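Structural description and commentary
If you want the building blocks of each chain, they are given just below.
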Amino acid sequence: MYTKTTSIIQGECVKLPTKYGHFMLVPFQEKKTGEEHIVLIKGAVETEHAPLVRIHSACATGDLFGSLKCDCGEQLAQSMRMIESKGSGVIVYLQQEGRGIGLMNKIKTYKLQEEGFDTIEANVKLGFAPDERDYYVAAEILNMLGITALKLVTNNPDKITGLESYGIQVVERVPIIIHSNPFNKHYLDTKEHHMGHLLSEEKPVNLCHDH
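Residues numbered from 1 in each chain as written. Predicted model: local features only at pLDDT ≥ 70, side-chain atom pairs only at ≥ 80, totals over all residues. Heavy atoms only, no water.

1. Overview of the overall build of the protein
Summing up its helical and strand segments, the protein has 8 helices and 9 strands in all. Across the 211 residues that make up the protein, the buried fraction comes to 48%. A separation of at least 24 residues holds for 62% of the contacts in the protein among residues at least 6 apart in sequence. Of the roughly 10700 Å² that the protein leaves accessible, carbon and sulfur atoms contribute 55%. (Helix = DSSP H or I, 4+ residues; strand = E, 2+ residues; numbered from the N terminus. Buried < 20%, exposed > 50% of the residue type's maximum accessible area, 1.4 Å probe, protein only. Contact = heavy atoms within 4.5 Å. Areas by Shrake-Rupley, 256 points an atom, 1.4 Å probe, with all protein chains shown as cover.)

Laid out in structure tokens, this is it:
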């Protein structure tokens, strides 16, 4: 079903019934680092011209524990609901905790945020860029799935440019609207006003263009 590449190993494909719907789960492992990623698949996405895809970075606090400090867990759940409702789509779940800085450093940024720093300032104070993520692995996994064009569920323009820099065509951006709460409002405001995230409610934006 999928074309193998030299840098990523594909694991077994199994059924995964969830409270959001039924998916197929496929693990992938990077040969060089041993890092493991998870892909959820709904429907025959390899036959679609541009399936619905969510590239989601792991967030232990939000995805596992339901933290109200971010919107990650809600974005993941809403993405699964969207794909289930459509009847097809993919979630690529990458081990990029804390926008690529890892769990230990992410918690250090949380501590700095408790002291008054915003999420960007905290990353920079620790010596990191505001966002350390790279989407090469995501692009390689998508290629293995036979996906070279997609509708991307995201509010982050950097994901679009990141995927397109590796040859994945993003034909449409599908917004994912999560309403703020008292614990994450400043965090979401920072993402919107200082990181360029598109958090206002709007219709999907067609981005189809020549490459």
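Let us keep going from here.
2. Concerning the nonpolar core
By size, the foremost hydrophobic cluster in this structure holds 26 residues, and its most contacted members are Ile-55, Val-90, Ile-141, Leu-142 and Leu-163. For this core, the secondary-structure elements that each account for two or more residues are strand 3 (21-30), strand 4 (36-42), strand 5 (52-57), strand 6 (89-94), helix 6 (136-144), strand 7 (149-153) and helix 7 (157-164). When residues of this core are assigned to their parent elements, the largest contribution, 6 residues, is made by helix 6. In this structure, Leu-40, Met-80, Ile-91 and Tyr-93 belong to the second largest nonpolar core, which totals 13 residues. (Core = buried A, V, L, I, M, F, W, Y, C linked by side-chain atoms within 4.5 Å.)

3. As for the UniProt feature "binding site: Zn(2+)" (unreviewed entry) in the protein
Per the UniProt annotation, the sites labelled "binding site: Zn(2+)" (unreviewed entry) are Cys-59, Cys-70 and Cys-72. With respect to the element layout, Cys-70 can be found in the loop between helix 1 (60-64) and helix 2 (72-86). Cys-70 sits in the buried class, given a relative accessible area of 3%. In this fold, Cys-72 is placed in helix 2. Residues in contact with Cys-72, not counting those within four places in the same chain, are His-56, Cys-59 and Asp-63. (UniProt positions renumbered as here; feature names shortened; annotations may be inferred.)

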